[in-house]
Structures are given as structure tokens and as C-alpha cells.
Amino acid sequence: MGYEPVIGLEVHVQLNTATKIFCSCPVKFGSSPNTQTCPVCLGLPGVLPVLNREALNKAILAGLALNCSISGYSKFDRKNYFYPDLPKNYQISQYDKPICGPGFIEIQVNGENRRIGITRLHLEEDAGKLIHAGNVPDGCSYVDLNRTGTPLAEIVSDPDMRSGDEAYEYLLKIKSIMKYIDVSDCNMEEGSLRCDVNISLRKKGTEKFGEKVEIKNLNSFKAVKAAISWEIERQSEILDTGGKIMQETRLWDSDKNRTNGMRSKEHAHDYRYFPDPDLVPIVLDMAYIGCIKNGLPELPDAKKERFISAYVLPAYDAGVLTSSRELAGYFEETVRGGANPKKASNWIMGEVLARIDDAGMISSFPVRPAMLSELINLIDNNTISGKIAKAVFDEMAVSGKSPGVIIEEKGLKQVTDSGEIEAVIDTVISNNEKSVNDYRNGVEKALKFLVGQVMKESKGKANPQMVNDILIRKLK
Amino acid sequence: MKIDKDVITRVAVLARIDLTDDEKMEFSEQLSGIIGYVEKINELDTEKIIPSDHIGGVKNVLRNDTVGSTIGEGVLERMAPEFENGHIVVPRIIEGS
Ligand SMILES: [Zn+2]
């Protein structure tokens with residue numbers, strides 16, 4: 001077909017401040033409707049919004065983490081439109097002088113590094129929530145204004161992405177960075193991260209952008225990927241048959257897995273932005289920005305590089321372990337407890353991650369890093385076998401007991417006493433005449449069976465290497 | 001700048017105001033007069049002047065991220081034209097198909 005998709009994303013992240021952006025109402029998910037409001041966020045006459053210092057600082061921190069230039073001068077504007085979730089009939093946002101200017105992030109797709117430009121990051125207030133479903137009477141919608149005035153950072157990317165996979169990786173990276181610097185929970189279900197897609201197609205090899213379609217109502221990263229695939233196909237088909245793409249907003253239908261054109265009564269948007277006279281400009285000097293920059297932790301890319309060089313981990317391991325700051329911390333603490341880094345990585349990527357839904361939840365996982373390093377060390381010094389270790393880990397993950405205690409309680413200590421092992425081997429040899437003869441006649445796999453029998457007889461506690469060695473000697 | 005009937009019609013749509021033809025004519029004249037009066041400012045040479053977003057020179061007014069009080073029980077209910085189950089009730093708005 002020969003089209004190249006041109007994709008840009010607009011990501012809204014909810015800043016995790018205690019209060020709203022311009023008033024002192026608490027920001028809490030799940031409060032009773034319309035209780036977390038005040039005259040300022042309700043837009044009652046005569047009130048004065050005042051910017052939350054923490055929201056400003058978090059926006060600057062986010063900008064720095066995205067390699068953005070921080071504006072020495074920025075201001076707030078009113079974006080005018082009518083909608084029932086917007087009590088003032090305007091949203092306070094930033095139009096031509098956003099807090100953060102151009103930046104970029106790096107993503108990896110199919111083993112290839114890609115740099116995705118960030119156009120800008122600006123601060124704005126969220127709108128309220130409209131409820132159409134549930135016990136809402138026919139012909140009516142409910143309005144809950146608790147969310148009104150929640151601080152948002154809108155991150156606008158350059159149209160640098162070329163596939164759904166790239167958009168997916170971009171979102172993962174944005175989420176990872178925002179969580180690393182602790183400015184947002186980035187929980188898509190609770191709406192603390194939202195994403196709109198801009199996508200157009202152009203003939204391969206041409207520069208000029210095609211007509212752009214905006215996709216909204218994307219409720220998961222997977223939906224973003226699926227919606228992009230769907231749009232690429234839809235637009236290709238139209239162009240292939242000589243049609244024209246209409247510039248429009250389309251909504252993702254996650255039940256039917258397709259986008260639908262919006263039946264909007266609104267004509268072309270005319271937001272009539274103008275400077276908000278209630279809010280004074282933000283003027284920042286290098287000292288202020290530098291102070292915030294000092295609070296920037298090691299970011300995912302840098303941490304990944306360090307994990308590769310300092311712990312000699314494969315890039316894949318380092319990528320998984322540094323996907324969340326908490327998980328990276330868990331790994332480093334395990335290594336500090338004396339565990340071999342690669343073994344620690346294997347255990348974490350395998351057994352640990354198999355038991356938690358979200359790497360960020362590692363802090364509440366019953367197996368603490370010190371316990372995991374103890375377990376790894378117990379395998380290394382032959383106290384238990386790798387197989388027993390898995391059973392011990394199962395128990396640790398449930399009870400939170402240390403591996404030493406579990407091994408003691410259940411008598412799982414590996415048998416390394418050769419006399420004890422020999423006794424078991426003698427029993428197995430006398431009970432398995434056929435296999436013994438097979439082995440002596442050159443059937444190699446009979447040995448494996450006999451080792452298995454010994455391990456079974458010892459309830460997995462015999463040291464496998466010793467079993468192997470003694471068996472071979474005795475069968476000679 | 002002449003604020004003609006088309007401009008008035010457009011602004012009325014954006015502001016969700018219904019105007020009769022007579023009203024549009026009336027406002028067109030009045031608003032043209034007001035804008036025309038302010039247009040005198042265009043006679044000034046502003047070539048070397050940075051546009052100001054804000055007057056007064058005040059900057060960086062910030063508040064601490066400390067939780068304050070919210071509106072009392074029942075206040076919003078008394079303000080809303082219709083209120084039910086803790087929610088303001090509005091005519092149904094649904095986008096999409
Ligand atoms: Zn408020």
C-alpha cells in the first residue's frame with residue numbers, strides 16, 4: 001500500500017498533589033460526588049484562583065525528566081467552551097507560553113533506539129465527570145465536580161511515531177518516567193493518565209502530512225495500539241480507493257474494537273484563548289529551576305545503562321528491572337544482601353514478577369529483598385537444591401517467613417552426607433534391576449531415571465550432583 | 001473594525017445566546033461603535049513594545065499544597081437547578097454513535 005503513518009500523542013497526567021491546582025480542595029479518588037468542591041473550583045463569582053506551588057514544581061520536574069527546556073516566563077490562559085462538566089465555561093490552561101518547551105525521550109522498538117520529540121508540557125485544570133450509565137434517569141446525565149480543578153500536565157509529543165508499537169513504547173516510557181519522579185500515579189483506570197492520538201497517513205517518501213484524525217476515548221495502552229492499527233487500515237482503504245480523509249475526532253469503541261466518527265453538534269472549535277487576568281505570570285530563574293533539578297532521581301534509561309555495566313546484566317534483564325523504580329530498588333537491595341546479580345535477576349523476573357500484577361506493588365510483596373538474597377545464598381552453598389528453593393519460595397510468598405525458618409520447620413535441608421545418600425542409592429539399585437542393567441548395557445537415559453528415583457526417595461533433599469556422582473561410581 | 005451581522009451571529013452562537021434579526025442589527029451598531037472607539041489605540045507606535053499578558057507587574061503568586069475546607073453539605077444542592085443522588089442533573093449529553 002505504501003503509506004507511512006504519522007503519529008503524535010497528547011498525554012494528560014494527573015499530578016499527585018494533595019490539593020487542586022487553583023484551590024485548596026483535596027484531590028482524592030472515590031470521594032462522595034460533589035463533596036470535594038469549593039467556590040473557586042465551582043467557578044462562583046468573585047473568587048480568586050491561586051496556583052499550587054507543588055503543582056508548578058511537579059510540572060517543572062516532569063519537564064526536566066523529559067529533557068524539556070523550562071520557560072523563564074509562562075502564563076495561564078482561558079480556553080472557552082460550554083460543556084456541563086465545566087462550571088466556569090472556560091478551562092484554565094496554557095496556550096502560547098507553556099511552562100515547558102521542547103524536549104525528547106528515547107524508546108526502544110524491536111531492538112532499535114528511537115528518539116521521540118516532546119513539543120511541550122503545560123499545566124491545566126481538569127474538568128468534572130459526566131455520568132450517563134447506572135441509575136441515571138433517561139434523558140439526563142449526572143455531573144460530579146470533584147475532579148474539577150485537579151492539576152494536569154499535558155505532554156504533547158512531536159509527530160514522530162510511525163506505528164502502534166512505537167506509541168505503546170512511548171506511553172510505557174512516559175509512565176515509567178512520571179512514576180520514577182513521583183509526580184503522578186499514572187493509573188489509566190482511575191483516569192490519572194489519559195491519552196489522545198493524532199494520526200495521519202502520507203505516501204512513503206513524501207514529506208507533507210496527510211489530513212489528521214484525532215482519536216479519543218482510549219482507556220488502556222493496548223487500546224491505543226489497537227486504535228492506531230484500526231485507523232491505519234481504515235485510512236489506507238479510503239486513500240487506496242481514491243477517497244479523502246476527513247479531519248475529525250473519532251472515538252475508540254473498546255467493545256467493537258473500532259473507531260467511530262463523532263456525531264458532534266459543535267462546529268469547528270473556537271476556544272477564544274486569552275490570558276487569564278486572575279492568574280499572574282510565572283517567572284522562573286536558573287536558581288529556582290536548578291533547585292528542582294537537584295531533586296531529579298536517576299531516570300530509567302540511566303539506571304538501565306548502569307545495571308548493564310555494574311551488574312553485567314543482559315540489556316533485556318536491565319530493561320525489565322528498571323521499568324519501575326521500586327522494582328529496581330528491590331533488585332539492588334537483593335544484590336546488596338550478597339546474592340549473585342544474574343541469579344537475583346532471574347528470580348525477580350521469574351518467580352517474583354509472576355506473583356505480582358504491577359511491578360510498582362513490589363513494596364507490599366511478602367518476600368523482602370533480604371529474604372530473597374538469603375534464599376539464593378542457600379542454593380549457592382548447597383543447603384537446598386534449586387527445586388526445593390522453588391517450594392520454599394512458594395511458602396515465603398504466602399507466609400512472609402524467611403527461607404531459613406521454612407527450611408528448618410519443614411526439614412528441607414539438602415542431604416550432603418554421602419553415607420545417607422549411599423543408603424538411599426543402594427535401596428534404589430536393588431529395587432530397579434531392569435534400569436540398572438539397561439544402564440550397564442549402555443542405555444544412558446536409564447541413569448537419569450535412577451537419579452530421579454533417588455531424588456524422589458529422598459523427597460528432593462539429596463544433593464543432585466552427589467547423587468549423580470555416587471550412582472555412576474556404584475554402577476561401574 | 002466593523003462588527004457586522006455575521007460576526008454578531010457567530011459570537012451569539014459561541015455564547016449560546018438567541019438573538020432576533022433586529023437585535024443583531026442593534027448590537028452590530030453598538031459594538032462597532034465601542035470597538036471603533038478603542039481602535040484609536042492603533043494610532044500608537046507599538047513597534048518596539050513587548051505585548052503584555054498581564055498588568056501590574058505582579059508575578060509568582062503561589063499557595064502551599066495544604067488542604068482547606070470544602071463547601072458544606074447541601075450548598076451545591078441549593079445552587080443547582082436540579083439535584084439528585086448527590087449529583088447535579090443536566091440534559092443528557094452523549095457523544096459518538
Ligand atoms: Zn475547590
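Since we're looking at a predicted model, the values are computed, not measured. (Residues numbered from 1 in each chain as written. Chains lettered and ligands numbered in written order. Predicted model: local features only at pLDDT ≥ 70, side-chain atom pairs only at ≥ 80, totals over all residues. Heavy atoms only, no water.)

**Observations regarding the pattern of salt bridges**
Residues and elements named next belong to chain A.
Here is step 1: For the structure shown, the criterion picks out 37 salt bridges over all chains.
Here is step 2: Lys 216 serves as the salt-bridge partner of Glu 214, at 3.8 Å between the closest nitrogen and oxygen.
Here is step 3: Of the charged contacts, one joins Arg 473 and Glu 422 as a salt bridge, the two residues approaching to 3.4 Å between their closest N and O atoms. Here Arg 473 is found in helix 15 (residues 464–475), whereas its partner Glu 422 is found in helix 12 (residues 418–431), with 51 residues between them in sequence.
Here is step 4: With a relative accessible area of 52%, Arg 473 lands in the exposed category.
Here is step 5: Here the salt bridges share partners, and the residues they tie into one network are Glu 231, Arg 234, Glu 248 and Arg 250. (Salt bridge = Lys/Arg side-chain N within 4 Å of Asp/Glu carboxyl O. Helix = DSSP H or I, 4+ residues; strand = E, 2+ residues; numbered from the N terminus. Buried < 20%, exposed > 50% of the residue type's maximum accessible area, 1.4 Å probe, protein only.)

**Some details on the packing of aromatic side chains**
Residue and element names in this part refer to chain A.
Here is step 1: Overall, the coordinates contain 10 aromatic pairs over all chains when judged by the stated rule.
Here is step 2: With 5.3 Å between their ring centres and 85° between their planes, Phe 307 and Tyr 311 make a pair best called edge-to-face.
Here is step 3: Residue class for Tyr 311 comes out buried when judged on its relative accessible area of 17%.
Here is step 4: Arranged with centres 5.4 Å apart and planes meeting at 45°, the rings of Trp 347 and Phe 393 form a pair that is tilted. Residue Trp 347 is located in helix 8 (residues 341–352), and its partner Phe 393 is located in helix 10 (residues 386–399); the two are separated by 46 residues in the primary sequence. Pair check on accessibility: Trp 347 and Phe 393 agree, each one buried. (Phe/Tyr/Trp six-rings, centres within 6.5 Å; stacked < 30°, edge-to-face > 60°.)

**Observations concerning the packing of helix 8 of chain A against helix 10 of chain A**
Angle between the axes and distance between the axes: these two values describe a pair of packed helices.
Residues and elements named next belong to chain A.
Here is step 1: Helix 10 packs onto helix 8 with a crossing angle of 55° between their chain directions and a minimal axis gap of 12 Å. Viewed along their axes, helix 8 and helix 10 adopt a mutual orientation that is oblique. Of the two elements, helix 8 crosses helix 10, and the hand of that crossing is right-handed. Residues Trp 347, Glu 351 and Val 352 of helix 8 touch helix 10, and the partners they reach there are Ala 389, Lys 390 and Phe 393.
Here is step 2: Counted by class, the contact of helix 8 with helix 10 contains 4 nonpolar, no polar and 2 charged residues. (Axes fitted to C-alpha atoms, helices over the stretch in contact; angles between N-to-C directions. Parallel < 35°, antiparallel > 145°, perpendicular 65-115°, else oblique. Left-handed = near helix turned anticlockwise from the far one by under 90°. Contact = heavy atoms within 4.5 Å. Nonpolar A, V, L, I, M, F, W, Y, C, P; charged D, E, K, R; others polar.)

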